[in-house]
Amino acid sequence: MIVLSSTINPTYMPNIQTTRFRTLPHPASVVWPVIADLAAYPAWWPSSAKVRVLQVVPGLLGSRLEIRPYGGQPFVCTVDGVDAPRSLRMAYSGIYVGRGAWTLDEEAQGQTRVGYGIDLRIESRFIRLLARLLPVTALHDRLTDAILDALAARVAATAGAA
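Residues numbered from 1 in each chain as written. Predicted model: local features only at pLDDT ≥ 70, side-chain atom pairs only at ≥ 80, totals over all residues. Heavy atoms only, no water.

Novice: Describe in detail the nonpolar core, supporting the description with residues and values.
Specialist: Judged by nonpolar contacts, the single largest core of 42 residues is most densely connected at I35, Y41, W44, W102 and L151. Here this core takes 7 residues from helix α4 (residues 136–161), the largest share from any one element. Excluding its chain neighbours within four sequence positions, the residues that come into contact with L151 are L24, V34, I35, W44, W102 and V114. (Core = buried A, V, L, I, M, F, W, Y, C linked by side-chain atoms within 4.5 Å. Buried < 20%, exposed > 50% of the residue type's maximum accessible area, 1.4 Å probe, protein only. Helix = DSSP H or I, 4+ residues; strand = E, 2+ residues; numbered from the N terminus. Contact = heavy atoms within 4.5 Å.)

Novice: Give me the packing of aromatic side chains: which residues, what numbers.
Specialist: Evaluated as defined, the whole model comprises 6 aromatic pairs. Taking 5.4 Å as the distance between ring centres and 15 degrees as the angle between the ring planes, the aromatic pair formed by F75 and Y92 counts as stacked. Of this pair, F75 sits in strand β4 (residues 75–83) while Y92 sits in strand β5 (residues 87–94), placing them 17 residues apart in sequence. The burial state of F75 is the same as that of Y92; both residues are buried. Feature note: the residues Y41, W44 and W45 constitute an aromatic cluster, connected by ring pairs. Lying across the ring of F21, R113 places its NZ or CZ 3.6 Å from the centre. (Phe/Tyr/Trp six-rings, centres within 6.5 Å; stacked < 30°, edge-to-face > 60°. Lys NZ or Arg CZ within 6 Å of the ring centre and 35° of its normal.)

Novice: I'd like a description of the sheet that holds strand β2 (residues 49–55), backed by residues and values.
Specialist: Read across the open sheet, the 7 strands follow the order β1-β7-β6-β5-β4-β3-β2; overall the sheet is antiparallel. On the outer flanks of this sheet lie β1 (15–24) and β2, each paired with one strand and no other. On average, adjacent strands in this sheet sit at an angle of 20 degrees to one another, irrespective of strand direction. Where β4 and β5 come together, 8 bridges link them in antiparallel fashion. The residue of β5 that forms the bridge with V82 is L88. Contacts between helix α1 (residues 28–36) and the sheet are confined to β1, β4, β5, β6 (96–106) and β7 (112–122), with β6 contributing the most and set at about 155 degrees to the helix. (Pairing = 2+ DSSP bridges. Axes fitted to C-alpha atoms, helices over the stretch in contact; angles between N-to-C directions.)

Below is the structure:
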C-alpha cells in the first residue's frame, strides 16, 4: 500500500495569490519605461521564464506576451490596464486565468517600490495535480524574485546609459 499523505502539499490551493516587492534606487520616471517596454522583455527577463512578444500596440492596451516558465507550459498575458507611471495590469489566459499587475510607488530620496502581484486560478489539470505535490506559490515567488532582480539590473543599466 502506498501512502501519499507525507508527500501531499499541505498548503494546496487551486489558486496562486502573491505579491513580491523590490525597492529600486531610481525614480518611477526611470523605472516605468523599462516596465512599459514590453518588446524588450525577452532581453532582460531571466532564462527561467522565456518571454515571446505576441503583439505590442501603442498605448500598450491589448499588447500580449507569451510566458513559458522553464520546463513548464506557456500562458498568455494581455495588457488590460495602464496607469503610467503607477501600474500595468494584465489578464492571464491559458494554464492560468486571472490577473497580474506591476505597481510602482515613488518613495523618499528618489526611490521606487516596485511590486508584481498575481491572483490566478490554475486551469491546467496537470498544474493542479502538481500543486498538490509542490509549493506552487513559493515557486512563483522565486520566479517573481528573479524577474524583479532582472528588472533592477535592467533599470540600473538603463539609468547608467542615460
